[in-house]
Amino acid sequence: MKVAVLARTEKDVAYIKYLLSQSKDITFCDDPLQADAVIVDAELLTPAEKEVLKALSDYGSVEEVAAKTLRSKATVKKHLCSARKKLKAKTNIQAVAFALRYRLIH
């Protein structure tokens, strides 16, 4: 089984991989789309990143998110970029889908 691990720090990722490596049936991959299972740290995203992803899922555009969350477009884009990187997503829509799938936002 291929497993992807998404955690706040590389140290956390390494520790989780160490624990799981005791099973001979598990291999690791970096791409959540290629994994059979994904382990996600519930605290992976900051509250601001979660709020912006949730707002993007509700409103659909950076401009609307900025207006509804009372943040500048630059700040919204910064939070989206950070969330994409942490979730290993290529697009904002993929980041929203991952966050919903991993139950980081509701």
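Residues numbered from 1 in each chain as written. Predicted model: local features only at pLDDT ≥ 70, side-chain atom pairs only at ≥ 80, totals over all residues. Heavy atoms only, no water.

**Brief notes about the sheet that holds strand β3 (residues 37-40)**
Taken in spatial order, the three strands of this open sheet run β2-β1-β3, and their pairing is parallel. Bordering the open sheet on either side are β2 (27-28) and β3, each of which pairs with just one other strand. Judged from the two bridges that link them, strand β1 (residues 2-6) and β2 form a sheet pairing that is parallel. In the sheet register, Lys2 faces β2, and the bridge partner there is Thr27. Along the sheet, helix α1 (residues 10-20) makes contact with β1, β2 and β3, crossing β1 at roughly 150 degrees. (Pairing = 2+ DSSP bridges. Helix = DSSP H or I, 4+ residues; strand = E, 2+ residues; numbered from the N terminus. Contact = heavy atoms within 4.5 Å. Axes fitted to C-alpha atoms, helices over the stretch in contact; angles between N-to-C directions.)

**Section: the pairing of β1**
Counting buried residues along β1, four of its five residues qualify, which places the element largely inside the surrounding structure. The parallel pair β1 and β2, bridged by α1, forms a crossover whose chirality is right-handed. In this structure, β1 lies alongside β3, joined through four bridges in parallel fashion. The residue of β3 that forms the bridge with Leu6 is Val40. (Buried < 20%, exposed > 50% of the residue type's maximum accessible area, 1.4 Å probe, protein only. Right-handed = clockwise from strand over helix to strand, strands pointing away.)

**Concerning the environment of Thr9**
In this fold, Thr9 is placed in the loop between β1 and α1. Distance from Thr9 to Lys77, taken between C-alpha atoms, is 22 Å for residues 68 residues apart in sequence. Of note is the side chain of Thr9, whose polar atom sits 3.0 Å from the backbone nitrogen of Asp12. (Polar contact = N/O pair within 3.5 Å; in protein donor to acceptor, adjacent residues only side chain to side chain.)

**What to know about the confidence of the model for the chain**
Averaged over the chain, the pLDDT score is 92; the fraction of residues at 70 or greater is 100%. Across the chain, element-level confidence peaks in helix α4 (residues 73-87) with a mean pLDDT of 95 and bottoms out in α1 with 90. (pLDDT = per-residue confidence, 0-100.)

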